[in-house]
Amino acid sequence: MIISNPKGTQDFLPLQSGQKHLVETRFRETVGLYGFSEIVTPTFEHTELFLRSTGLTTDIITKQIYQFIDKGGRDITLRPEGTPGIVRAVLQYNLKLPVRMFYIGPMFRYERPQKGRYREFYQLGVEAVGEIGPDIDVEIIEIGSRFFTGLGLKDVITKVNSVGCAVCRPKHRTELGLFLERNKAKICDDCKGRAERNPMRIFDCKEATCQELYINAPKIVDYLCFDCQQHFQSVLNELVERKIPFELNKMMVRGLDYYTRTAFEFVSSSSELGAQDSLGGGGRYDNLVEDFGGPKTPAIGFALGLERIMLALGTPRPIRKAVYIIPLDPSIQKQGKELLRLLRNANIPALLNNPDKNLRAGLGIADNLACEYVIIIGSEEVKKQIYTVKNLVKRTQKQVPQNQIIEVLTNKENQS
Ligand SMILES: [Zn+2]
Ligand SMILES: [Zn+2]
């Protein structure tokens, strides 16, 4: 029997799951402030959907998708990202526009696993379909900023750029092509491939020699058409107006080809992340709905990587919550059960020690289960109707009359 998880997957053990839940809760709260509602789409779709979204023309579609023929002969792909499924749903159900949606769920890409990069990974994302901007562009960037600040991640930088549109890109593409042709001898093999397929992606190259060379390469933001220029300037002005810290980065282009105009990325300088320092990003995708056969519809969104956010947050500490009841003698088990029922009925999580475990063993279990309180009941306590309540967080204990137990456990003021 195989007793390890498949390469590139990750188990969220109880402690990590607690942290995952916390991140997701913060995310829901933050996007809720901006009027986003949840959408849940399937984890797999018809392969054609991903083939049709122009964002996946290159690396992802060729090498990285989990594709299979199901038992009914359908060509199916595990979703490598959230946007295509959501755009499909918008068209399929003819959703009234504009619409603001968010999602949380697993995505799948057959990539080389490394720290912070998995083959099954979770994304937290937003999509605003039907708003031309530039206000929504800024709102979306602000959501990311607010979310990271709320999590206590202070070292996140927001890089902002514009990647233009179908009007302004061709001229830039030609100029960039000429630049790459002139410098063919100096660029890495990966970049030679990119130069043929999609030259703008060369800016993603991590090779130091390429990076240095591209400082002097033509940047799309310097080739923007009048409309794109206006849009971008408004975005920048509004970011300043709203006091959202950002960095204009002309070399920042996003991984997906379908982005238009505003593109942005959230980068962490946390030492936990190393080379995988991007916590996520997004951009405008004004042509995607049309590419899917819908009407021309402006849209913008982002996707954040849950595993990297968790890495940046650091190892979680257990959150202590339940009450562990230890009757000191099997004859008192009945009183223990009564208290157990009383606590649960009052919505207080509670557990009861098994009679075959003594006090010492019981305290060990309570600690393992990250309980907040231990209540010890001995025969004297039963007689006096006064129980010993130990607070495992504050490492204190006190005697509490039985009829005040609930009050003491639920009243944070009284806790000691
Ligand atoms: Zn343009
Ligand atoms: Zn390169």
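Student: Mind showing me how you'd approach the coordination of the zinc ion (ligand 2) here?
Tutor: Around a metal, the perfect tetrahedron of four donors has angles of 109.5 degrees, and the perfect octahedron of six donors has angles of 90 or 180 degrees. Protein-derived coordination of the zinc ion (ligand 2) comes from Cys-188 (SG), Cys-191 (SG), Cys-205 (SG) and Cys-210 (SG), at a distance range of 2.2 to 2.3 Å. Taken together, the four donor atoms surrounding the zinc ion (ligand 2) define angles of 106 to 114° at the centre, an arrangement classified as tetrahedral. Donor residues binding the zinc ion (ligand 2) come from one chain and are separated in sequence as C-x2-C-x13-C-x4-C. Here the residue Cys-188 occupies a position in the loop between helix H6 (169–182) and helix H7 (189–197), and Cys-205 occupies one in the loop between H7 and helix H8 (208–214), the gap between them amounting to 17 residues. The burial state of Cys-188 is the same as that of Cys-205; both residues are buried.

Student: Help me understand the domain arrangement of the protein, please; the structure alone is not making it clear to me.
Tutor: It is common to give the size of an interface as the accessible area that goes away when the parts come together. Taken domain by domain, the protein consists of domain 1 (14–164 + 224–313), domain 2 (169–221) and domain 3 (323–410). Each of domain 1 and domain 3 has a C-alpha centre, and the two are 47 Å apart.

Student: Explain the sheet that holds strand E6 (residues 120–129) to me, please; I cannot follow it from the model alone.
Tutor: As a general point, the strands of a sheet are linked pairwise by backbone hydrogen bonds and lie either parallel or antiparallel. Spatial ordering of the open sheet is given by E1-E5-E6-E11-E10-E9-E7-E8, a layout of eight strands whose pairing is mixed. What marks the edges here is a single partner per strand, and that holds for strand E1 (37–38) and strand E8 (247–248). Running over the sheet, helix H5 (residues 135–151) touches strand E5 (99–108), E6, strand E7 (156–162), strand E9 (260–268), strand E10 (278–284) and strand E11 (299–305) and is turned about 15° from E11.

Student: Could you clarify how one ought to interpret the coordination of the zinc ion (ligand 1) in this entry?
Tutor: Protein-derived coordination of the zinc ion (ligand 1) comes from Cys-165 (SG), Cys-168 (SG), Cys-225 (SG) and Cys-228 (SG), at a distance range of 2.3 Å. Coordination at the zinc ion (ligand 1) is tetrahedral: its four donor atoms span angles of 100 to 117° at the metal. Site description for the zinc ion (ligand 1): donor spacing in sequence, C-x2-C-x56-C-x2-C. Here Cys-225 lies in the loop between H8 and helix H9 (226–241) and Cys-165 lies in the loop between E7 and H6, a separation of 60 residues in the sequence. Judged on exposure class, the residue Cys-165 and its partner Cys-225 are both buried.

Student: Help me understand the pairing of strand E12 (residues 323–327), please; the structure alone is not making it clear to me.
Tutor: A regular strand places its side chains so that they alternate between the two faces of the sheet. The buried fraction of E12 amounts to five of the five residues, a majority that puts the element mostly inside the structure. Residues of E12 alternate between two faces, with Val-323, Ile-325 and Pro-327 on one and Tyr-324 and Ile-326 on the opposite face, all of them buried. Across three bridges, the pairing between E12 and strand E13 (residues 350–352) is parallel. Bridge pairing in E13 places Ile-325 opposite Leu-352. For the crossover that starts at E12, traverses helix H12 (residues 333–345) and ends in the parallel E13, the hand is right-handed. Sheet topology places E12 next to strand E14 (residues 373–377); five bridges connect them, and they run parallel. By the bridge assignment, Ile-325 is partnered in E14 with Ile-375.

Student: What should I look at first to understand the packing of helix H1 (residues 14–33) against helix H11 (residues 306–313) in this one?
Tutor: Any two packed helices are characterised by the angle at which their axes cross and by the distance between the axes. The contact between H1 and H11 brings their axes to 10 Å, and the two run at 110°. Judged by the inter-axis angle, H1 sits roughly perpendicular to H11. Between H1 and H11, the residues in contact are Gln-16, Gln-19, Lys-20, Val-23 and Glu-24 and Leu-306, Ile-309, Met-310 and Leu-313, respectively. Residues of the contact of H1 with H11, tallied by class, amount to five nonpolar, two polar and two charged.

Student: Would you explain helix H13 (residues 359–368) in this entry?
Tutor: Note on helix geometry: an α-helix contains 3.6 residues per turn, so any two residues three or four positions apart are oriented the same way. The backbone nitrogen of Arg-360 lies 3.3 Å from a side-chain oxygen of the residue at the head of H13, namely Asn-358. Just past H13, the residue Ala-370 takes up positive phi, approximately 55°.

Student: Is there a simple way to think about the environment of Arg-242 in this case?
Tutor: With respect to the secondary-structure elements, Arg-242 resides in the loop between H9 and E8. With residues near it in sequence (within four places) discarded, Arg-242 still touches Asp-135, Val-138, Glu-139 and Glu-142. Polar contacts involving the side chain of Arg-242 include one to the side chain of Glu-142, which spans 3.1 Å.

Student: Before we go on, may I ask you to explain the packing of H5 against H9 in this structure?
Tutor: Direction vectors running N to C along H5 and H9 enclose 45°, while the axes themselves pass 9 Å from each other. Relative to H9, H5 is oriented oblique. For the element pair H5 and H9, the recorded crossing hand is right-handed. For the pair formed by H5 and H9, the contact residues are Asp-135, Asp-137, Val-138 and Ile-141 on the first element and His-231, Val-235, Glu-238 and Leu-239 on the second. For the contact of H5 with H9, the per-class residue count stands at four nonpolar, one polar and three charged.

Quick notes on the rules
Residues numbered from 1 in each chain as written. Chains lettered and ligands numbered in written order. Predicted model: local features only at pLDDT ≥ 70, side-chain atom pairs only at ≥ 80, totals over all residues. Heavy atoms only, no water. Donors = N, O, S within 2.8 Å, 3.2 Å for Na, K, Ca; no water. Tetrahedral: all angles 85-135°; square planar, octahedral: opposite > 155°, others 65-115°. Helix = DSSP H or I, 4+ residues; strand = E, 2+ residues; numbered from the N terminus. Buried < 20%, exposed > 50% of the residue type's maximum accessible area, 1.4 Å probe, protein only. Domains from an automatic or database assignment. Pairing = 2+ DSSP bridges. Contact = heavy atoms within 4.5 Å. Axes fitted to C-alpha atoms, helices over the stretch in contact; angles between N-to-C directions. Right-handed = clockwise from strand over helix to strand, strands pointing away. Parallel < 35°, antiparallel > 145°, perpendicular 65-115°, else oblique. Nonpolar A, V, L, I, M, F, W, Y, C, P; charged D, E, K, R; others polar. Polar contact = N/O pair within 3.5 Å; in protein donor to acceptor, adjacent residues only side chain to side chain. Left-handed = near helix turned anticlockwise from the far one by under 90°.

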